[in-house]
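A look at the structure
Residues per chain, in single letters:
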Amino acid sequence: MKKIMVLLMVGLMVITGSMTVFAEETTDKINERAVKAERTSGERREKLEELFLTYNLDGLDAFNTAVDEHKAFHDMAQSEKEAFRLEIQAEKEAIREQFDNGELTEEEVRVIVEERKAERELIKEDVLEIKDLKKADVEAIKAEVQLVRTSLRDALQAEEIDAVYVGSLLDQLVELLEEHIDVDYLYYDMIQDLRQIVEI
């Protein structure tokens, strides 16, 4: 169980650290930045919804579904990360209490600390590899999104707007967001596979 908690804490840090497609990065350490990023994300969503209503009404449901699913994934992963963080914190406090009560000696505490360190090292390379793989995939998607956004901006600034072309660009944005979600779940599942190995 202890190995599993360490694994999930490290793994979920990898999963929840990914760049989002339609919003800025948020942080749970700086509330002001988090609120600003959420507001920016909401503003972008509203603008895109307006474009779908104007140029691609049939694609609006797919867009909203993808955005909601993407947010739900990151909310779920963040929630799990926080839950395991609290479990590990509780475990540390229990060990400290046992030491203070004389139930554990200083040497026994040292052994426990060394065991935790060994557990982290056991999965470190695999987690780093997963992190690098996900980063590469997300950066590739991000680059494609930027290209589509540039094309979309240019199309909307043209003297005569090609509604069909704009609609196709909006479809591409949805497809890229869906691809991003697939990447999120792919590497999340890889972390879960590591968890099962540790359990065995």
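This text follows the structure it describes.
The paragraphs below set out a description of the structure included in this document. (Residues numbered from 1 in each chain as written. Predicted model: local features only at pLDDT ≥ 70, side-chain atom pairs only at ≥ 80, totals over all residues. Heavy atoms only, no water.)

1. Remarks on the packing of aromatic side chains
What counts, and what does not: A pair of aromatic rings is counted whenever rings of Phe, Tyr or Trp (Trp by its six-membered ring) have centres within 6.5 Å, and the orientation is called stacked for planes under 30 degrees apart, edge-to-face for over 60 and tilted otherwise. A run of H or I in DSSP counts as a helix once it spans at least four residues, and a run of E counts as a strand once it spans at least two, with each numbered from the N terminus. Each residue is placed in one exposure class: buried if its accessible area under a 1.4 Å probe, protein chains only, is under 20% of its type's maximum, exposed if it is over 50%, and partly exposed if it falls in between.
Counted according to the given criterion, the structure contains three aromatic pairs. Each ring, one from phenylalanine 52 and one from phenylalanine 63, has its centre 4.9 Å from the other, and the planes form 25 degrees; the classification is stacked. Linking phenylalanine 52 in helix H2 (residues 31-55) with phenylalanine 63 in helix H3 (residues 60-100), this pair joins segments that are 11 residues apart in sequence. By relative accessible area, phenylalanine 63 is classed as buried at 2%. Grouped by ring-pair contacts, the aromatic residues Phe73, Tyr185 and Tyr188 constitute a single cluster.

2. A few points about the nonpolar core
The condition is simple: Among the buried residues, those of types Ala, Val, Leu, Ile, Met, Phe, Trp, Tyr and Cys that are joined through side-chain atoms within 4.5 Å form a nonpolar core. Residues are treated as being in contact if the distance between any of their heavy atoms lies within 4.5 Å.
Leu48, Phe52, Phe63, Leu152, Leu170 and Leu173 are the most contacted members of the largest nonpolar core, which has 28 residues in total. Those elements that place two or more of their residues in this core are H2, H3, helix H4 (106-157) and helix H5 (163-199). Broken down by element, the residue count for this core peaks at 12 residues, all from H5. Beyond its immediate stretch of four places on either side in the chain, leucine 152 contacts Leu51, Val166, Leu169, Leu170 and Leu173.

3. Some words on the packing of H3 against H4
Definition in use: Geometry is summarised by axes, namely lines fitted to C-alpha atoms with helices restricted to the contacting stretch, and by angles between N-to-C directions that run from 0 to 180 degrees. Should an angle lie under 35 degrees it is considered roughly parallel, over 145 roughly antiparallel, and from 65 to 115 roughly perpendicular; all remaining angles are considered oblique. Whether a crossing is left-handed or right-handed is set by the direction in which the near helix is turned from the far one by less than a right angle, anticlockwise for left-handed and clockwise for right-handed. Lys, Arg, Asp and Glu make up the charged group, whereas Ala, Val, Leu, Ile, Met, Phe, Trp, Tyr, Cys and Pro make up the nonpolar group; the residues left over, Gly among them, are polar.
At a minimum axis separation of 10 Å, H3 and H4 run at an interaxial angle of 160 degrees. Accordingly, the angle class assigned to the pair H3 and H4 is roughly antiparallel. As for the relative orientation of H3 and H4, their crossing is right-handed in sense. Where H3 abuts H4, its residues Glu91, Ile95 and Phe99 lie against Glu106, Val109, Ile112 and Arg116. In the contact of H3 with H4, the residues fall into four nonpolar, no polar and three charged.

4. Observations concerning a positive patch on the surface
How we decide: Excluding any residue in a salt bridge, patches collect residues exceeding 30% relative accessible area, merging like charges within 9 Å and nonpolar Val, Leu, Ile, Met, Phe, Trp and Tyr side chains within 5 Å. Exposure was quantified through the Shrake-Rupley algorithm and a 1.4 Å probe, taking into account, for residues, occlusion by the shown protein chains and nothing else. Think of a salt bridge as a Lys or Arg side-chain nitrogen and an Asp or Glu carboxyl oxygen that are within 4 Å of each other. Counted as positive: Lys and Arg. Counted as negative: Asp and Glu. His and the chain ends are not counted at all. By convention, the point assigned to a charge is CZ for Arg, NZ for Lys, CD for Glu and CG for Asp.
Among the surface-exposed residues, Lys92, Arg96, Lys117 and Arg120 lie close enough to one another that they form a single positively charged patch. For the positive patch, the secondary structure elements donating two or more residues are H3 and H4. For lysine 117, the location among the structural elements is in helix H4. Residue classification places lysine 117 among the partly exposed residues on the basis of a relative accessible area of 46%.

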